[in-house]
Amino acid sequence: MRRSRRHGFSLLEVLLATGILIGSTIVLMELASIGNQHAASARDLARSQLICQTKLNEIVCGLAAAKTVRPTPLEEDPHWVYWVEAIPSEQPGLVVVEVGAARKLTRQKQSARFTLKRWIRNARNSDAESPAPSSPTPSSRASSSPAV
């Protein structure tokens, strides 16, 4: 007797294909989870860098004093804290300003943390060493503007 050709898959082939599909799905889900964790970490690091740069710019342009500030929550986002440390340098008239920012600890094991240092003039020492610049007189303002 002749066997007829079969049409379809055997139970073993179906189970093997299902196992491969489930295994690859688990691996892809784990990779997506790791990718999300790294993306969140990069986002937090970029946010902490932006906070540090903003606070340092405020100090450099004179909106904030170059003095030590304990960890303080941000007004815009209370989940983040920043701190400022003013360290006198060996060079006269200069101070090293270190600005840091970090996300408050939550359920995460590590938080994004970034610090930025910059040397700036110490306003108290530089004012004592050099006289304050005088404001321009009306005649000097007119002479400094280009002729039209």
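In short, a report on the structure.

Rules of the game
- Residues numbered from 1 in each chain as written.
- Predicted model: local features only at pLDDT ≥ 70, side-chain atom pairs only at ≥ 80, totals over all residues.
- Heavy atoms only, no water.
- Pairing = 2+ DSSP bridges.
- Helix = DSSP H or I, 4+ residues; strand = E, 2+ residues; numbered from the N terminus.
- Axes fitted to C-alpha atoms, helices over the stretch in contact; angles between N-to-C directions.
- Contact = heavy atoms within 4.5 Å.
- Core = buried A, V, L, I, M, F, W, Y, C linked by side-chain atoms within 4.5 Å.
- Buried < 20%, exposed > 50% of the residue type's maximum accessible area, 1.4 Å probe, protein only.

### Quick notes on the sheet that holds strand β2 (residues 80-88)
Part 1: Taken together, 4 strands build an open sheet; the order of strands is β1-β2-β3-β4 and the sheet is antiparallel. Of all strands in the sheet, those bounded by a partner on one side alone are β1 (69-73) and β4 (113-121). Across the sheet, the mean angle from the axis of one strand to that of its neighbour is 15°, orientation sign disregarded.
Part 2: Where strand β3 (residues 94-103) lies against β4, 9 bridges are found, and the strand directions are antiparallel. From the neighbouring strand, Ala101 faces β4, where its bridge partner is Phe114.
Part 3: Seen against the sheet, helix α1 (residues 11-60) touches β2, β3 and β4 and runs at an angle of roughly 20° to β4.

### Concerning the nonpolar core
Part 1: By size, the foremost hydrophobic cluster in this structure holds 14 residues, and its most contacted members are Ile51, Ile59, Val84, Val97 and Val99.
Part 2: Broken down by secondary-structure element, the contributors of at least two residues to this core are α1, β2 and β3.
Part 3: When residues no more than four places from it in sequence are discounted, the contact partners of Val97 are Leu56, Ile59, Ala66, Val84, Glu85, Leu116, Lys117, Arg118 and Ile120.

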